[in-house]
Amino acid sequence: MSKRVWEFRRGGALSRPLWRVWLAGAVWVMVVSGALGKEAVGVYPHRMDPRRHPDDARRAVKPPDQGTFKNTLQFIALRSIPQNNYAEPLDRYTRKDRLGDILWPAVTLIHQTNVSEIVQEIKRRDLYLFDLWGFVPGSSGPNAYCSQFALPDTLRDMFERELGDRWLGMDNGEQDGRYVGGYAWQMLPSGAGHAEQYLNFQRFFERMGDLLGNRLATLVSLNFGHYFLREGIYTMIGAETAQALPNSQVYYAFIRGAGKQYGVPWFGNVSIYNRWGHKRYVASSSDPRAGPTKGTSLSLMKRLLYSHILYNCVAVGFEASLYDHTGALSPIGAIQQGAVRWSEAHGDPGVMHTPVAVMTDFLSGWSFPRHLYTPDVYKVWGNLPYAAGDYLTDGVLGMLYPGYTDASYFHDERGFMSSTPFGDIADCVLSDAPGWVLRQYPVLVVAGRLEPSAELSDTLAEYVRQGGHLVLTAVNASALFPDGIAGIRVLPETQTCSTGQGAVTLHALDLSAGARVVCRLAWRRPAAARGVWGKGQVTVFASPYGIAEEPQCALPARGGVDRSLDTPYPLLAHVRETLAPIFRSQMLFALSGSDEADGLSFVTCRRAPGEYTVGLFNAAWDEKPFALSALAGTVTNMTELATGTAERNAVGFLPEGIDRAVGQDAAGRIAGGAVRIFRVFTDEARGEKRVRETPLAQPSPNPRRCALALRNIDSIQREVLLRPTFFRHFDTVMVDARYLARREKGALAAESGWLTRQGVRLVVDLSPSINLFPDLRLVNNDTNEYARSMAVIDVVMEKMQVMGSKDLVIGLHRP
């Protein structure tokens, strides 16, 4: 077939000749090898195991695995340990009421004179010590509570010696939010690029890690967990949901993605606070913002807790208020105790089904369009305005979790758990994710502008070759694959697509009431080309970023309490229309008749072939109908795993200001604010789709004794940090000896700490300077020059000791 060019321009209608089309948007779908037989839904039924991650051998802190937690879900309970009579609360929380074995006390513990005695008691009782909280950078106060402090080395060593892997680290708690709210705006120059923003962020938290002993857990308050876990010093990652914080579903999409990408388990937590108060079941006449009707509703607290269980958290729990003024369990404590019993009765829910990966660039610094820590909206890294790719990220997440930006701004609690028209099916990863991680996801949506590189292009091409479905916009398609995708070149600036040999069909589609003309270019390669792109599929949008080019609201965008945030650059209609069936194709179950506005969300977990746990959540305050149906296989049996309903009669079940009947649970109906969980059995051999289990991803080990030579650099650490995939290729750097010679020992010692924690081996190369003249000589044919040379070499070797380097390269010079 002769080569033709399809040119796409904005505005107008179909024109002659027939191969030229003017349109508002387009989608090019390149099916590189169609599957025969039934459509398959890919399921990855394997849990993340930190011991299998390639980084586990080199990282300074080994995250806990399932064995650490006795291969069972753990619960977090006690949030403070008194100095006197500490045995009583330990007995009450962990034995009498059995609320959980993970202790999460404040940092005041480290100042108690009997801290060693308490640690011995924790060890004797076989409990876990987790996330000592209360560090606030830049603040000061008595007993290091809500202040900046340093963990004494003696205590750090004692925790590690006595508790081993049951010492789960100090708290990096809510600090990414504090960074954005308190520090990012001070950075100069104010318009520094994304790389400098990342380096500044990393420097801030490296200092925090040094103060706290470099064994941490992170309770993120935004979504920067990927950057924490990459440091290799974290035991766990989680979030405190509800409060005045973001949507829990998007929170955990990022948390799970970070955990899987870097091999760190995640935990769940639910707060008693909201923007207007906090829930307490004890007398508090001095605080009008506290009380049983204040703060997070019992309904939302329970829904969040059980969603975290289904998210495969290794530990879950509530923030506080587990007891009332009489010393009896409060309604909050009763919900947690019920969850413990529910977990023991019904066991592991199975592996959460998250077949969609949403990818942003490693340096993007993307964050929620609005949040607690700043009045500014649509900012990345806390101080740079959204670019087009960032609005694309918001649009894709908003399609998966509609209304997620409402979280914490509405008195009726909307937005904390959004409706899920496709199920809760996504994890968020960064562009340094290796191929073996990406193979866990049948669909990969590039939801932001990526910095192109040959390595990233190869990784994504291999993902497609292995059968993945890659979705990207024209900007990324042209930058990552300048030579084309399966023979089709994408030129986004003119929105032109050209193809060489192959069969091409062009279809004009009307996808909106506004008679928007769009185009789908479906292309099947001849058999000879299949070896290039394998058996996968690529969808390219013929739009630079898939969003409106002109703002759809007045700028600056506005929002507020009980008001949704304006969306200046929403997804284009044809992008939504094309993404919807892609997402729908990965669903195992559906809620018949549900839509984006009905308040219903659901999570699917796979226990075994044909056996699932499905959690259904109603964020609306009225009773809703539902019909759970299988999209892969057919349902053969469904049993409810009841969670109890006692909290519905307790004070504080509804948000303050909401007073209404929420209905009842019944066959095909769910009460307002309720959670229902089902064990569902299916015949996977029947139905319109089949289930295809994805094999356990086999990571390639990191290389050993492979060195990257760095010349004329300012910082070894900077060079490694700005190569996010460094450890996939190297474990060693070789630097010119001048790098050491020109730096003070103190500066080298500081850098050495980070390099040692990362497992970077340092080789020093003297050979560029050993040249007889003008630099250094190894022959004593000139006393002064020889003495000067030996002095320089001695200094270099002394500084090598400071940096822990034992390898020196020496070349020979001319006679």
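Residues numbered from 1 in each chain as written. Predicted model: local features only at pLDDT ≥ 70, side-chain atom pairs only at ≥ 80, totals over all residues. Heavy atoms only, no water.

1. A word on the overall build of the chain
Argument step 1. The helix and strand tally for the chain stands at 19 helices and 40 strands.
Argument step 2. Classification of the 815 residues of the chain by burial places 59% in the buried group.
Argument step 3. When the accessible surface of the chain is split by element, carbon and sulfur atoms take 51% of a total near 31600 Å². (Helix = DSSP H or I, 4+ residues; strand = E, 2+ residues; numbered from the N terminus. Buried < 20%, exposed > 50% of the residue type's maximum accessible area, 1.4 Å probe, protein only. Areas by Shrake-Rupley, 256 points an atom, 1.4 Å probe, with all protein chains shown as cover.)

2. Looking at empty space enclosed by the protein
Argument step 1. Evaluated as defined, the whole model comprises twelve cavities of 30 Å³ or more.
Argument step 2. If you add up the space inside the largest cavity, you get close to 280 Å³.
Argument step 3. Considered as a void within the structure, the second largest cavity measures approximately 140 Å³ in volume.
Argument step 4. Taken together, Tyr44, His46, Arg47, Met48, Asp49, Arg52, His53, Lys260, Gly263, Trp436, Gln440 and Leu696 make up the full set of residues lining the second largest cavity.
Argument step 5. Here the lining of the second largest cavity is built from residues that sort into four nonpolar, four polar and four charged. (1 Å grid on protein atoms, 1.4 Å probe; cavity = no way out; pocket = protein on both sides within 12 Å on 5 of 7 lines; lining within 4 Å. Points joined across faces, edges and corners; volume = space filled by probe spheres on them. Nonpolar A, V, L, I, M, F, W, Y, C, P; charged D, E, K, R; others polar.)

3. Brief notes about the sheet that holds strand 39 (residues 761–765)
Argument step 1. Here we have four strands laid out as an open sheet, ordered 37-38-39-40, and parallel in their pairing. Each edge of the open sheet carries a strand with a single partner, namely strand 37 (707–710) and strand 40 (807–809). Across the sheet, the axes of successive neighbouring strands diverge by a mean angle of 25°, strand direction being ignored.
Argument step 2. The sheet contact formed by strand 39 and strand 40 spans three bridges and is parallel. Within strand 40, the position partnered with aspartate 765 by the bridge is valine 809. (Pairing = 2+ DSSP bridges. Axes fitted to C-alpha atoms, helices over the stretch in contact; angles between N-to-C directions.)

4. A closer look at unusual backbone geometry
Argument step 1. Residues leucine 555 and proline 556 are joined by a peptide bond in cis, for which omega reads 0°.
Argument step 2. Positive phi values are uncommon outside glycine, yet asparagine 71 reaches one of about 55°.
Argument step 3. As for its placement among the helices and strands, asparagine 71 is situated in the loop between strand 4 (39–43) and strand 5 (74–75).

5. Looking at the packing of helix 8 (residues 298–310) against helix 9 (residues 331–346)
Argument step 1. Helix 9 packs onto helix 8 with a crossing angle of 25° between their chain directions and a minimal axis gap of 11 Å. Here helix 8 is positioned roughly parallel relative to helix 9, judged by the angle of their axes. Seen along the crossing, helix 8 lies across helix 9 with a hand that is right-handed. Each of Leu298, Met301, Lys302, Leu305, Tyr306 and Ile309 in helix 8 lies in contact with helix 9, whose residues at this interface are Pro331, Ile332, Ile335, Gln336, Gly338, Ala339 and Trp342. (Parallel < 35°, antiparallel > 145°, perpendicular 65-115°, else oblique. Left-handed = near helix turned anticlockwise from the far one by under 90°. Contact = heavy atoms within 4.5 Å.)

6. Quick word on the environment of alanine 709
Argument step 1. Along the polypeptide, alanine 709 turns up in strand 37.
Argument step 2. Alanine 709 sits in the partly exposed class, given a relative accessible area of 41%.
Argument step 3. Taking the C-alpha atoms as reference points, alanine 709 and aspartate 736, separated by 27 residues in sequence, lie 8.5 Å from one another.

7. Section: a nonpolar patch on the surface
Argument step 1. Together, Leu778, Ile810 and Leu812 line one region of the surface with nonpolar side chains, adding up to about 310 Å² of accessible area.
Argument step 2. Within the secondary structure, leucine 812 is located in the segment after strand 40.
Argument step 3. For leucine 812, a relative accessible area of 77% translates into the label exposed. (Patch = residues over 30% accessible without salt bridge, like charges linked within 9 Å, V, L, I, M, F, W, Y side chains within 5 Å. Salt bridge = Lys/Arg side-chain N within 4 Å of Asp/Glu carboxyl O.)

8. Focus on the sheet that holds strand 12 (residues 273–274)
What links the strands of a sheet is backbone hydrogen bonding, and the strands pair in either a parallel or an antiparallel sense.
Argument step 1. Ordered in space as 12-13-14, the three strands form an open sheet in which the pairing is mixed. The sheet terminates laterally at strand 12 and strand 14 (290–291), the two strands that pair on one side only.

9. Some thoughts on helix 10 (residues 388–400)
Argument step 1. With 13 residues, helix 10 ought to run about 18 Å at 1.5 Å a step, and its terminal C-alpha atoms sit 19 Å apart, in line with that.
Argument step 2. The element helix 10 is extensively covered by neighbouring structure, given that twelve of its 13 residues are classed as buried. (Expected span 1.5 Å × (residues − 1).)

10. Let's talk about the nonpolar core
Argument step 1. Grouped together as the largest cluster of nonpolar side chains are 190 residues, with contacts concentrated most on Phe159, Leu579, Phe583 and Ile716.
Argument step 2. When sequence neighbours within four positions are dropped, the list of residues in contact with phenylalanine 583 reads Val356, Val396, Met399, Leu400, Phe422, Ile425 and Val445.
Argument step 3. Of all hydrophobic cores here, the second largest spans 26 residues; its members include Trp436, Val464, Leu480 and Ile485. (Core = buried A, V, L, I, M, F, W, Y, C linked by side-chain atoms within 4.5 Å.)

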